[in-house]
Amino acid sequence: MHRNRSLMLSAGLLAFCLSETLYSADLKSIVEMPDASKILKKDKLAPPKKYVMPKECITTDPLAIARGEYIFHNLNGKKAKNKPPKGLAKFVIVGGKKKPKQYGNCVACHNIEGAKGGGNIGPDLHNYKKHFIDTGVRTYEYVYQQIADPRVHNPNTHMTVNLTTGLFTPREICDITSYVVSEKK
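This text gives an overview of the structure that appears in the document.

Procedures and definitions
Residues numbered from 1 in each chain as written. Predicted model: local features only at pLDDT ≥ 70, side-chain atom pairs only at ≥ 80, totals over all residues. Heavy atoms only, no water. 1 Å grid on protein atoms, 1.4 Å probe; cavity = no way out; pocket = protein on both sides within 12 Å on 5 of 7 lines; lining within 4 Å. Points joined across faces, edges and corners; volume = space filled by probe spheres on them. Helix = DSSP H or I, 4+ residues; strand = E, 2+ residues; numbered from the N terminus. Nonpolar A, V, L, I, M, F, W, Y, C, P; charged D, E, K, R; others polar. Pairing = 2+ DSSP bridges. Buried < 20%, exposed > 50% of the residue type's maximum accessible area, 1.4 Å probe, protein only. Contact = heavy atoms within 4.5 Å. Salt bridge = Lys/Arg side-chain N within 4 Å of Asp/Glu carboxyl O. Core = buried A, V, L, I, M, F, W, Y, C linked by side-chain atoms within 4.5 Å. Axes fitted to C-alpha atoms, helices over the stretch in contact; angles between N-to-C directions. Parallel < 35°, antiparallel > 145°, perpendicular 65-115°, else oblique.

## Points about the layout of surface pockets
The space that makes up the largest pocket amounts to roughly 730 Å³. Lining the largest pocket are 33 residues, and of these H110, G122, P123, Q146 and M159 sit closest to its centre. Those elements giving two or more residues to the lining of the largest pocket turn out to be α4 (128-133), α5 (140-148) and α6 (170-180). At 4 residues, α5 tops the list of elements feeding residues into the lining of the largest pocket. Per-class residue counts for the lining of the largest pocket are 19 nonpolar, 12 polar and 2 charged. Approximately 260 Å³ is the volume attributed to the second largest pocket. In terms of residue class, the lining of the second largest pocket is made up of 3 nonpolar, 4 polar and 3 charged.

## Structural notes on the pairing of strand β1 (residues 91-94)
The pairing of β1 with strand β2 (residues 97-100) spans 4 bridges and is classified as antiparallel. Across the sheet, the residue bridging to F91 is P100, located in β2. Between the antiparallel neighbours β1 and β2 lie 2 residues, among them G95 with a positive phi of about 60 degrees.

## Let's talk about α5
Considered for burial, the residues of α5 that qualify are V143, Y144, Q145, Q146, I147 and A148. Where the residues of α5 are buried, they touch α4 and α6.

## Some points on the pattern of salt bridges
Charged atoms that come close allow side chains of opposite charge to pair. All told, the structure shown has 6 salt bridges when counted by the stated rule. One salt bridge in this structure joins K101 and E172, with 3.2 Å as the shortest N-O distance. Taken as a pair, K101 in the loop between β2 and α4 and E172 in helix α6 lie far apart in primary sequence, 71 residues in all. A relative accessible area of 11% places E172 in the buried class.

## What about the nonpolar core?
Residues F72, Y128, V143, Y144, I173, I176 and V180 are the most contacted members of the largest nonpolar core, which totals 28 residues. Those elements giving two or more residues to this core turn out to be α3 (62-73), α4, α5 and α6.

## Digging into the packing of α3 against α6
Direction vectors running N to C along α3 and α6 enclose 90 degrees, while the axes themselves pass 7 Å from each other. Viewed along their axes, α3 and α6 adopt a mutual orientation that is roughly perpendicular. Residues A64, I65, R67, G68, E69, I71, F72 and H73 of α3 touch α6, and the partners they reach there are R171, E172, D175, I176, S178, Y179 and V180. Taken together, the residues of the contact of α3 with α6 sort by class into 7 nonpolar, 3 polar and 5 charged.

Below, the structure is given as structure tokens:
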């Protein structure tokens, strides 16, 4: 009996939709059809951009490294764990409104010392300085560029484009880079 009632309701709904379609002069009167070209244009990324790492970007300053670590391990201000280090805020003003600060959540894709739930999609960043910087395989400039706009090194990357999109400032990219290449205990 329940099945028959469901079939009858479905048939009634189908008949209604068909009659609306047949008697409607224009589908737009019954179906929402937004102009997606405006949305796509707004969301389109600018072309890849090569950046010059600012002087004195890489630092062993514990506060800069702490900011980089905080950005690396958190997603946004509203759900960010613990109080942010000096120089970072959980909320920012955008268009006159208070909004959660978007952080990196790099740990979603990368594993690194101290990671909780470290990802395995991106390269493992354990002992990055020892394995890549000290051996000359990578430079600080490479790491800075990779975080700023990774499409320069890999046009098909799925990594977040952080500086070109304005998600982070050059100083924040320096802090993240300093954290990644820092010696960790």
